[in-house]
Every structure is written in C-alpha cells, then in structure tokens.
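Fold and contact review
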Amino acid sequence: MSSAPTSLPSGANTELALSVERAYREVIVLDRLSAIWAIILSKCLLAQWAIDEFSIPISGLRYIWLLTLMMAVIATALYIRAHQSQINFLPNQFRVGTAIFAGVLVSLGFILYAHFALKLFSSITATALVCALLGGWSLARAALRDAYPPLVGALIWWILAGYALVSKDNYSLLWMGLGMFFAQALPDFALVRRTEKSLRV
C-alpha cells in the first residue's frame, strides 16, 4: 500500500523541515502576541488620556488598567497553551534581539524612575525620550528581521518624539497611545502576515 501524499521532504530532511516550520510558527505566535499587547496598551493609554483630558468621572486605574491587564494576562496564557508554544526569554535564535530588548527595558526603567521618583523632568519630556528609545528598538528589529514594517514603526516613534518635545504635558498619554497602535501594533501585524506568506511558499 502506498503512503499518503505529503508536502514534507522524505528521509532525514523531514525533521529539519518540521523544525523550520515550528520555528516560523513560534515567531508568528510571538509577533501576534506583541501586536495584541500593543493594542491593549494603546487602548489603556488613550482611555486614560480621555479620562484625564475630559474629566470623566471614572477610576482609570481600576476599570481601565487593572481589569484590562488581568483579562489580557489570562487570555495570553490561554493563547499560548492553545498553540502549545513556550515563551523562552533567551532563545538561541533571538539572542541578539533579546539582548537589545533587555537593554531597552532597562533604559526605560531609568527614564521612568527619573521622572516618577526623582522628578528630574516633565512627563512630556519622559514621553519624548521613551518614543525615541522605542524608535531605536524598532530600527534594530528591522535590521534583525530584514523587514520594512519595524522601520516604518521607528520613523513613527521618532515623529511622535518630535511632537512630544513641543507639546504640553497633558498630551503625554495621547502620543504614547498613538505610538503603541501605529508604530508597534500595525508593524507587528504586518510581520505576522509576512511570515505567514513565507510558510505558504
């Protein structure tokens, strides 16, 4: 009896092909998670900006941030479990990208500490620094992934950083929320589509 037809190569190359496909699918899962979390943060930032700007009588911390992030964490865990994927913070294939991202997080921590704890500069100045730093991270991603969507995201982050430098403090959350959507979420979804096309080829 003849075996069922398959698109995978026969023999020893089958395991390699499966490993490559698995790696692509894990990249898709991580990129999609990154995009979804960027949308979640964008929603929280923009909602909090609207609450502050228009004096809406609602607790943003309780009804926007806490509830949203709790549901997002639960949904993320279920999503990862459904795709049978594990998050490795230092995977070998992403060693350089992970190191750069860790450096960005540490730098963001210093900026936030300098603003909230030491009061060294205003919130809009902190926003400009964060946008500029995230633009650098997007540029590094564009180089590592050899893809243009993160490069577009980098340009958007830097444009928002420029706007922040000439804006008032009450626009801080607005620029960050717009950046999370247009400079982070949309490029991440573009990367997901690009990788899915590569799998179909």
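Rules used throughout
- Residues numbered from 1 in each chain as written.
- Predicted model: local features only at pLDDT ≥ 70, side-chain atom pairs only at ≥ 80, totals over all residues.
- Heavy atoms only, no water.
- Phe/Tyr/Trp six-rings, centres within 6.5 Å; stacked < 30°, edge-to-face > 60°.
- Buried < 20%, exposed > 50% of the residue type's maximum accessible area, 1.4 Å probe, protein only.
- Axes fitted to C-alpha atoms, helices over the stretch in contact; angles between N-to-C directions.
- Helix = DSSP H or I, 4+ residues; strand = E, 2+ residues; numbered from the N terminus.
- Parallel < 35°, antiparallel > 145°, perpendicular 65-115°, else oblique.
- Left-handed = near helix turned anticlockwise from the far one by under 90°.
- Contact = heavy atoms within 4.5 Å.
- Nonpolar A, V, L, I, M, F, W, Y, C, P; charged D, E, K, R; others polar.
- Patch = residues over 30% accessible without salt bridge, like charges linked within 9 Å, V, L, I, M, F, W, Y side chains within 5 Å.
- Areas by Shrake-Rupley, 256 points an atom, 1.4 Å probe, with all protein chains shown as cover.
- Salt bridge = Lys/Arg side-chain N within 4 Å of Asp/Glu carboxyl O.

Thoughts on the packing of aromatic side chains
- Inspection of every chain in the model, using the stated rule, returns five aromatic pairs.
- When the centroid spacing of 5.9 Å and the interplanar angle of 80 degrees are considered together, the rings of W49 and F54 count as edge-to-face.
- Take F54: its relative accessible area is 56%, and that puts it in the exposed class.
- Ring pairing ties together the aromatic residues Y163, Y171 and W175, which thus form one cluster.

Overview of the packing of helix 4 (residues 123-145) against helix 5 (residues 149-165)
- Relative to each other, helix 4 and helix 5 sit at 165 degrees, their axes nearing to 8 Å. For the element pair helix 4 / helix 5, the angle class is roughly antiparallel. The two elements helix 4 and helix 5 cross, and the hand of that crossing is left-handed. Contacts from I124, T127, A128, C131, A132, L134, G135, G136, S138, L139, R141 and A142 in helix 4 reach P150, L151, G153, A154, W157, W158, L160, A161, A164 and L165 in helix 5.
- Broken down by class, the residue content of the contact of helix 4 with helix 5 amounts to 16 nonpolar, five polar and one charged.

A few points about a nonpolar patch on the surface
- A grouping of I36, I39, F181, F182, L186 and F189 is seen on the molecular surface, where their side chains present a nonpolar patch of about 450 Å² in accessible area.
- Per-element tally for the nonpolar patch: the top contributor is helix 6 (residues 172-200), with four residues.

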